[in-house]
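Here's the letter readout for the chains.
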Amino acid sequence: MRARANPMEGPSVRGPDNPATLVAQQARRALASTTEVFALGVLLTCYLLIYWFGDGFLEAEMNVIGPFALMTILMYSAYAMFKKSRILIWTPLFWFRLAAGVYFGFGALVPYVVNESTLAQIFNLYFFDARVNFKVNVIFCLGVFVILFLSSRFFSVFGKKKLDSFDLAKERETLFNLAVAFLCAGAVVRYGFVVPYGLGFSKFVLPGSVATLGRVFYVGIFLMIVYGLRYNRQALYLSIGLVLFEILISIATFSKGELLLVMVFAFIGFIYDGAGKAKLLAGVACILVAYSTFQPLVGYGRQQVARQQVYAPVSVSDRLKIVEKYIEGEYDVLQNEAQGGLSRLSYTNIATFVVNRYDFGFPGDTLDNAIYIFIPRLLWPGKPIMTSAGVELNYLVFGSETSSLGVTQIAEAYWNYGWFGVVLISALLGLIYSLFSLFSLRVMAQRDWLMLPVVFLGVVVGFRVDGTLTADVLGACWIAICLGLAIYGGRQIYKSQFAARMRARRAPARRGPVRREPARMPRP
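Computed from a predicted structure; not experimentally measured.

### Regarding the side chain of glutamate 36
Here glutamate 36 shows up in helix H2 (residues 35–53). Under the relative-accessibility criterion, glutamate 36 is labelled buried at 9%. In terms of polar contacts, glutamate 36 uses its side chain to reach the side chain of serine 77, at 3.1 Å. Once residues lying within four places of it in the same chain are set aside, the contact partners of glutamate 36 are Ile73, Leu74, Ser77, Arg97 and Leu148.

Here you go:
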């Protein structure tokens with residue numbers, strides 16, 4: 001009789017030659033590579049020499065050569081990581097490389113490749129010249145170098161522990177059980193609290209922990225896609241339907257972050273068991289095209305919602321009408337001619353804004369509320385809103401609080417503490433990415449699917465380089481620690497109770513005292 005899969009059970013069978021240990025060691029060696037760090041070091045040295053000697057011609061040339069070189073190094077490194085071990089796609093360090101290559105590499109090149117309308121749109125936020133643009137590129141390169149240098153040294157020392165193996169005989173049923181469990185639990189939180197809040201139907205402040213727990217729904221989608229590709233096509237079709245529905249919800253709520261998350265996790269599900277170069281490039285291209293196309297709609301939709309909700313809450317049908325007007329082209333002609341998707345991949349304008357504010361004697365204070373992330377909003381209803389930094393920055397630039405601006409965590413570090421802050425915060429990010437990546441490697445090598453929601457948070461932390469340090473890194477890490485401890489504690493309790501029940505079944509039945517009759521004497 002086949003043993004029933006128990007999703008609460010962790011992996012077992014420890015040994016140096018089991019598949020989990022071999023896979024994790026191969027991935028660790030990829031993260032400890034020094035070739036990428038050496039290339040980044042050469043690029044940073046060129047940046048610093050030109051910055052110190054102050055050659056205007058070389059600065060202008062380096063504003064094109066430097067970001068292209070940075071993008072090439074990071075993208076090639078990410079591709080090499082994926083080819084060496086596919087479980088590396090679950091590490092924050094993999095997604096950091098992709099995101100940094102897009103924002104700090106390609107995004108820095110956007111002002112030099114777009115049309116005049118798009119360039120005017122970029123300068124409309126904040127005008128910058130070649131000198132301050134070069135300084136921002138130096139800051140970005142320095143931050144990336146510190147992060148990846150520290151992570152390389154980290155994995156050259158840590159991550160050599162032997163791991164437990166996994167049980168393939170139970171994986172099919174475990175995948176399905178946990179996929180259903182995560183979908184149900186995530187749907188309750190997401191459609192009960194997160195989506196109504198995003199649609200403007202709830203007036204209370206949504207705690208960040210609740211929004212994070214709602215994203216467990218995406219973990220369920222990933223597991224169902226993997227299950228469907230391996231065992232059941234109907235489950236795959238269901239997963240595709242859920243992805244399409246989530247894309248519609250993201251459009252209705254004008255949430256580019258949620259759109260990116262559901263597309264990324266669906267993409268990971270399709271390539272988890274292997275993918276060729278063409279499939280990988282096609283998937284990345286689809287995500288980038290969809291995200292860049294959705295960016296202008298988000299800005300337009302949020303503006304329209306802010307105008308209409310002054311009089312009454314904006315219903316779902318009204319939001320769909322806004323989308324329809326956007327598609328029909330009923331918006332500013334300049335906006336229509338501008339390549340809005342490309343302009344929003346560039347953070348050079350807003351980064352130069354905060355860099356100049358610090359240089360002019362107006363440092364930021366966005367990290368002052370970081371200590372409050374450890375206090376649940378349930379215990380302190382008046383707790384400062386951790387995501388308010390983007391809204392406050394939008395007010396500084398445009399005088400409006402109807403939207404939020406991201407500045408990237410490395411530029412935010414300079415805004416708060418200058419060059420020292422770039423090195424300090426980048427070192428902190430490198431340590432966080434490394435610890436999270438080490439945990440993710442162990443979980444995915446052992447196929448400990450129950451811990452997947454914690455790994456999911458690490459992926460989000462990795463590619464949100466355009467977010468804020470307090471909300472998108474420190475807050476997410478604190479939630480991940482609490483969630484991981486809760487899952488671990490719940491599993492230990494379940495295993496102890498399960499073991500007790502098994503011992504009770506195997507124990508022989510207890511009998512009462514045996515009555516012995518006195519022996520009868522034989523008759524003479």
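### Observations concerning the side chain of aspartate 472
Mapped onto the elements of the fold, aspartate 472 is located in helix H20 (residues 469–506). A polar atom in the side chain of aspartate 472 sits 2.8 Å from the backbone nitrogen of threonine 468. Setting aside its immediate chain neighbours within four residues, aspartate 472 contacts Gln409, Val461, Arg464 and Gly467.

### Let's talk about the packing of aromatic side chains
One pass over the full model with this rule turns up 28 aromatic pairs. A ring pair is formed by phenylalanine 145 and phenylalanine 149, whose centres lie 5.8 Å apart and whose planes are at 20°; its orientation type is stacked. Note that phenylalanine 145 and phenylalanine 149 are positioned in helix H6 (residues 130–157) at a spacing of four residues, about one turn of the helix. Taken together, the ring pairs in this structure connect Trp90, Tyr218, Phe222, Phe265, Tyr272, Trp449 and Phe456 into an aromatic cluster. Residue placement shows arginine 86 over the ring face of tyrosine 272; its charged tip is 5.2 Å from the ring centre. The cationic tip of arginine 190 hangs over the ring face of tyrosine 191; the distance from NZ or CZ to the ring centre is 6.0 Å.

### Digging into helix H12 (residues 277–308)
Relative to the 46 Å expected for 32 residues at 1.5 Å per residue, H12 spans 46 Å between its end C-alpha atoms, a close match to the ideal helical length. At glutamine 295, H12 shows its maximal kink, close to 25°; a proline, proline 296, follows between one and four residues later.

### A closer look at helix H16 (residues 348–359)
Its twelve residues place the ends of H16 16 Å apart at the C-alpha level, agreeing with the 16 Å of an ideal helix rising 1.5 Å per residue. With nine of twelve residues buried, H16 lies mostly within the body of the structure. All buried positions along H16 are accounted for by Thr348, Asn349, Ile350, Ala351, Thr352, Phe353, Val354, Val355 and Asn356. Buried positions along H16 lie against helix H4 (92–109), helix H5 (116–125), H6, helix H17 (388–398) and helix H18 (409–445).

### Points about empty space enclosed by the protein
Scanning all chains against the criterion turns up two cavities of 30 Å³ or more. Quantified by volume, the second largest cavity comes out at close to 40 Å³. Of all elements in the fold, only H17 and H18 reach the threshold of two or more residues within the lining of the second largest cavity. If one sorts the elements of the lining of the second largest cavity by residue count, H17 sits on top with three residues.

### A word on the nonpolar core
Core analysis: the biggest nonpolar cluster contains 142 residues, and Trp90, Val144, Phe222 and Leu223 have the highest contact counts within it. Per element, the largest residue contribution to this core is 16 residues, and it comes from H18. In this structure, Val110, Val114, Phe128 and Val132 belong to the second largest nonpolar core, which totals five residues.

### Side note on a negative patch on the surface
Taken together, the side chains of Asp365, Asp368, Glu392 and Glu401 present a region of like negative charge at the surface. Take glutamate 392: it is sitting in helix H17. Classification of glutamate 392 by relative accessible area gives partly exposed; the value is 44%.

### Some details on a nonpolar patch on the surface
Judged by side-chain polarity, Ile371, Phe374, Ile375, Leu378, Leu379, Trp380, Trp478, Ile481 and Leu485 come together as a nonpolar surface patch covering roughly 950 Å² of accessible area. Note that tryptophan 380 resides in the loop between H16 and H17. Residue tryptophan 380 is classed as partly exposed on the basis of its relative accessible area, which comes to 30%.

### Some remarks on the environment of serine 33
Relative to the assigned elements, serine 33 resides in the loop between helix H1 (19–31) and H2. Residues serine 33 and serine 152, spaced 119 residues apart in sequence, show a C-alpha to C-alpha distance of 6.3 Å.

### Structural notes on the confidence of the model for the protein chain
Considering every residue of the protein chain, the mean pLDDT works out to 82; 85% of them sit at 70 or more. The spread of mean pLDDT over the elements of the protein chain runs between strand S1 (residues 12–14), the lowest at 46, and H6, the highest at 93. Segment residues 1–17: pLDDT under 50, and 46 contacts once partners within four positions in sequence are set aside and those in other chains are kept.

### A look at the pattern of salt bridges
Two side chains carrying opposite charge are able to pair once their charged atoms lie near each other. Applying the stated criterion across every chain, the model contains nine salt bridges. Where glutamate 59 meets arginine 131, a salt bridge forms, and the shortest distance between an N and an O atom there is 2.1 Å. Taken together, the positions of glutamate 59 in helix H3 (residues 56–84) and arginine 131 in helix H6 put the pair 72 residues apart, joining distant regions of the chain. Among the residues examined, glutamate 59 registers a relative accessible area of 5% and is labelled buried. The partly exposed category is assigned to arginine 131, whose relative accessible area is 39%. Between aspartate 472 and arginine 464 there is a salt bridge whose closest N-O contact spans 3.5 Å. For arginine 464, a relative accessible area of 24% corresponds to the partly exposed category.

Rules used in this analysis
- Residues numbered from 1 in each chain as written.
- Predicted model: local features only at pLDDT ≥ 70, side-chain atom pairs only at ≥ 80, totals over all residues.
- Heavy atoms only, no water.
- Helix = DSSP H or I, 4+ residues; strand = E, 2+ residues; numbered from the N terminus.
- Buried < 20%, exposed > 50% of the residue type's maximum accessible area, 1.4 Å probe, protein only.
- Polar contact = N/O pair within 3.5 Å; in protein donor to acceptor, adjacent residues only side chain to side chain.
- Contact = heavy atoms within 4.5 Å.
- Phe/Tyr/Trp six-rings, centres within 6.5 Å; stacked < 30°, edge-to-face > 60°.
- Lys NZ or Arg CZ within 6 Å of the ring centre and 35° of its normal.
- Expected span 1.5 Å × (residues − 1).
- Bend = angle between axes of the 7 residues up to and from the residue.
- 1 Å grid on protein atoms, 1.4 Å probe; cavity = no way out; pocket = protein on both sides within 12 Å on 5 of 7 lines; lining within 4 Å.
- Points joined across faces, edges and corners; volume = space filled by probe spheres on them.
- Core = buried A, V, L, I, M, F, W, Y, C linked by side-chain atoms within 4.5 Å.
- Patch = residues over 30% accessible without salt bridge, like charges linked within 9 Å, V, L, I, M, F, W, Y side chains within 5 Å.
- Areas by Shrake-Rupley, 256 points an atom, 1.4 Å probe, with all protein chains shown as cover.
- Salt bridge = Lys/Arg side-chain N within 4 Å of Asp/Glu carboxyl O.
- Lys, Arg positive; Asp, Glu negative; His and termini not counted.
- Charge placed at Lys NZ, Arg CZ, Asp CG, Glu CD.
- pLDDT = per-residue confidence, 0-100.

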